[in-house]
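Residue-level structure breakdown
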Amino acid sequence: MVPKKKTWITLNVGGKTFMSTTSTLMSKPNSVFSLMLESEEPSAQEAFQALDEVEREKLQQKMNKWGVKGEEYRFDRDPVYFQPVLNYLRTNKLFYSNNCSLQGLLEEAKFYELPELERLVQKEITKLRTQESSKSGSVLGQSAVTSRFSSYFDE
């Protein structure tokens, strides 16, 4: 359930403060962020108590991914990887800087339970590997041709 008004939420990720709205954080219904905000509602707390023990334990493990201090939600994660996660929630697109490894970002997408972001990151990893392959292939191919011709002329 998405709140009607835009309420600002403070997130502390690895000591760095980020701010976002409830609508942005809840834009992906099965994510950790959605669970985090929904778990604060009284109806969710009642539903939690109604779960069987196994389901309650699974849900509790997910809820252990964050802490709350005052009005701030805290995650013991690297803020370098969180910025692209937050940008994704805002835009549904993948934006990342050079100091952010895609492998690390992939792990964060899994942690925050954002399968669509996982797919985007995996697609980007594949694209970059393909580009690297074609670059090294053309260089290797060129040097093989060059060495073949140079040996021909050296004879």
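Each value, and the rule that gives it
- Residues numbered from 1 in each chain as written.
- Predicted model: local features only at pLDDT ≥ 70, side-chain atom pairs only at ≥ 80, totals over all residues.
- Heavy atoms only, no water.
- Helix = DSSP H or I, 4+ residues; strand = E, 2+ residues; numbered from the N terminus.
- Buried < 20%, exposed > 50% of the residue type's maximum accessible area, 1.4 Å probe, protein only.
- Salt bridge = Lys/Arg side-chain N within 4 Å of Asp/Glu carboxyl O.

**Let's talk about unusual backbone geometry**
Positive phi values are uncommon outside glycine, yet Asn92 reaches one of about 65 degrees. Inspection of the secondary structure puts Asn92 in the loop between helix H5 (79-91) and helix H6 (102-111). By relative accessible area, Asn92 is classed as partly exposed at 46%. Phi at Glu113 takes a positive value of approximately 55 degrees, unusual for a residue other than glycine. Positionally, Glu113 belongs in the loop between H6 and helix H7 (115-154). When its relative accessible area of 18% is taken as the criterion, Glu113 is described as buried.

**Examining the pattern of salt bridges**
A side chain of one charge can pair with a side chain of the opposite charge if their charged atoms are brought near each other. Applying the stated rule across the entire model yields seven salt bridges. In this structure, Lys58 engages Glu55 in a salt bridge whose closest nitrogen and oxygen atoms are separated by 3.5 Å. Linking Lys58 with Glu55, this pair stays in helix H4 (residues 53-63), spanning three residues, or about one helical turn. For Glu55, a relative accessible area of 36% corresponds to the partly exposed category. Of the charged contacts in the structure, one is a salt bridge between Glu108 and Arg77, with a shortest N-O distance of 2.6 Å. One end of the pair, Glu108, is in helix H6; the other, Arg77, is in the loop between strand E4 (72-75) and H5, with 31 residues separating them in the sequence. What emerges from the salt-bridge pattern is a single network uniting Lys62, Lys65 and Glu113.

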